[in-house]
Amino acid sequence: MRPEDFTVDAAVNGNLSLADLRMDPATLAHQAVVAEEGGNPQLAENFLRAAELALIDDEDVMGLYEALRPHRSTAEELEALRTSLETRGASRCAELVRQAAAVYARRGLLR
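Caption draft 1: Molecular detail of the environment of Asp24. You can see Asp24 is positioned in the loop between α2 (18-21) and α3 (25-37). When the C-alpha atoms of Asp24 and Asn40 are compared, they prove to be 21 Å apart, with 16 residues separating the residues in sequence.

Below is the structure:
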């Protein structure tokens, strides 16, 4: 699609799909570089995780968000999710899940 095709009317009329609006991982990685150069390493890391997620099916991404809600997952389920992300090449997201699991265990937030 051309940039001029992205209009409110196109969205309302159903002429745009989620695939049309998906960010390209390379664009997100570039934004990470800009954020890092701008002195915002946390934002840069968020962009790099987003670049990993851009390659994963929408349903799986929503499952990840659901799994990370407090009291929704066991330690074993989060470990399986971490492993799945790691094998898909989403190492930054896998590390986030590992850290979340440790915090959830410490704070009693696991199912």
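Caption draft 2: Local environment of the pattern of salt bridges. All chains considered together, the criterion is met by 11 salt bridges. For Arg88, the salt bridge goes to Asp60, with nearest N and O atoms at 3.2 Å. Of this pair, Arg88 sits in the loop between α6 (75-87) and α7 (91-107) while Asp60 sits in helix α5 (residues 58-67), and the two are 28 residues apart along the sequence. The closest approach of N and O atoms between Arg98 and Glu95, which form a salt bridge, is 2.5 Å. Remark: Glu95 and Arg98 occur in helix α7; sequence separation between them is three residues, near one turn of the helix. Overall, the relative accessible area of 41% leaves Arg98 in the partly exposed class.

Caption draft 3: Broad picture of the packing of α6 against α7. For the pair α6 and α7, the least separation of the axes is 7 Å and the interaxial angle reads 165°. Classified by the angle between their axes, α6 and α7 sit roughly antiparallel to one another. In the packing of α6 onto α7, the handedness of the crossing is left-handed. Residues Leu78, Leu81, Arg82, Leu85 and Glu86 of α6 form the contact with α7, whose own contacting residues are Ser91, Cys93, Ala94, Val97, Arg98, Ala101 and Tyr104. Partitioned by chemical class, the residues of the contact of α6 with α7 number eight nonpolar, one polar and three charged.

Caption draft 4: Quick look at the side chain of Ser73. Assignment of secondary structure puts Ser73 in the loop between α5 and α6. In this structure the side chain of Ser73 is engaged in a polar contact, spanning 2.8 Å, whose partner is the backbone oxygen of Ala67. For Ser73, the residues in contact, after removing those within four places along its chain, are Ala67, Leu78, Leu110 and Arg111.

Caption draft 5: Quick look at a nonpolar patch on the surface. On the surface, a nonpolar cluster with roughly 430 Å² of combined accessible area is contributed by Met1, Phe6, Leu18 and Leu21. By secondary structure assignment, the location of Met1 is in the segment before α1 (8-12).

Caption draft 6: Representation of helix α4 (residues 41-53). Under the 1.5 Å per step criterion, the end-to-end length of α4 is 18 Å for 13 residues, consistent within 8% with the ideal 18 Å. Listed as buried for α4 are Ala44, Arg49, Ala51, Glu52 and Leu53. Where the residues of α4 are buried, they touch α3, α5 and α7.

Caption draft 7: Layout of unusual backbone geometry. The residue His71 is not glycine, and still its phi comes out positive at about 65°. Positionally, His71 belongs in the loop between α5 and α6.

Parameters at a glance
- Note that residues are indexed from 1 along each chain, following the sequence as it is written.
- Whole-chain, interface and lining totals are the exception, using all residues; otherwise, since this is a predicted model, local features are given only for residues with pLDDT of at least 70 and side-chain atom pairs are given and counted only at 80 or more.
- Hydrogens are left out, water is left out, and the side-chain values use all remaining heavy atoms of the structure.
- Helix and strand definitions follow DSSP, with helices as H or I runs of at least four residues and strands as E runs of at least two, each counted in order from the N terminus.
- A carboxyl oxygen of Asp or Glu within 4 Å of a side-chain nitrogen of Lys or Arg is what we treat as a salt bridge.
- Per-residue accessibility, obtained with a 1.4 Å probe over protein chains only, is compared with the maximum for each type, and a residue is labelled buried under 20%, exposed over 50%, and partly exposed between these values.
- With axes taken as lines fitted to C-alpha atoms, and helix axes fitted only over the stretch in contact, angles between N-to-C directions fall between 0 and 180 degrees.
- The labels follow the angle: roughly parallel below 35 degrees, roughly antiparallel above 145, roughly perpendicular from 65 to 115, and oblique for the rest.
- Each crossing gets its hand from how the near helix is turned against the far one by less than a right angle, where anticlockwise is left-handed and clockwise is right-handed.
- Every residue pair with non-hydrogen atoms within 4.5 Å of one another is taken to be in contact.
- Amino acids outside the nonpolar list (Ala, Val, Leu, Ile, Met, Phe, Trp, Tyr, Cys, Pro) and the charged list (Asp, Glu, Lys, Arg) are all regarded as polar, and Gly is one of them.
- Whenever two N or O atoms come within 3.5 Å, that pair is a polar contact, provided that in protein one can donate a hydrogen and the other can accept it, and provided that, for residues adjacent in sequence, both atoms are side-chain atoms.
- Patch construction takes residues with relative accessible area above 30% that form no salt bridge. Like charges are linked within 9 Å, and nonpolar side chains (Val, Leu, Ile, Met, Phe, Trp, Tyr) are linked within 5 Å.
- Residue-level accessible areas treat just the shown protein chains as cover; the underlying method is Shrake-Rupley with a 1.4 Å probe.
- Expected helix span is given by 1.5 Å per residue-to-residue step, counting one fewer step than there are residues.

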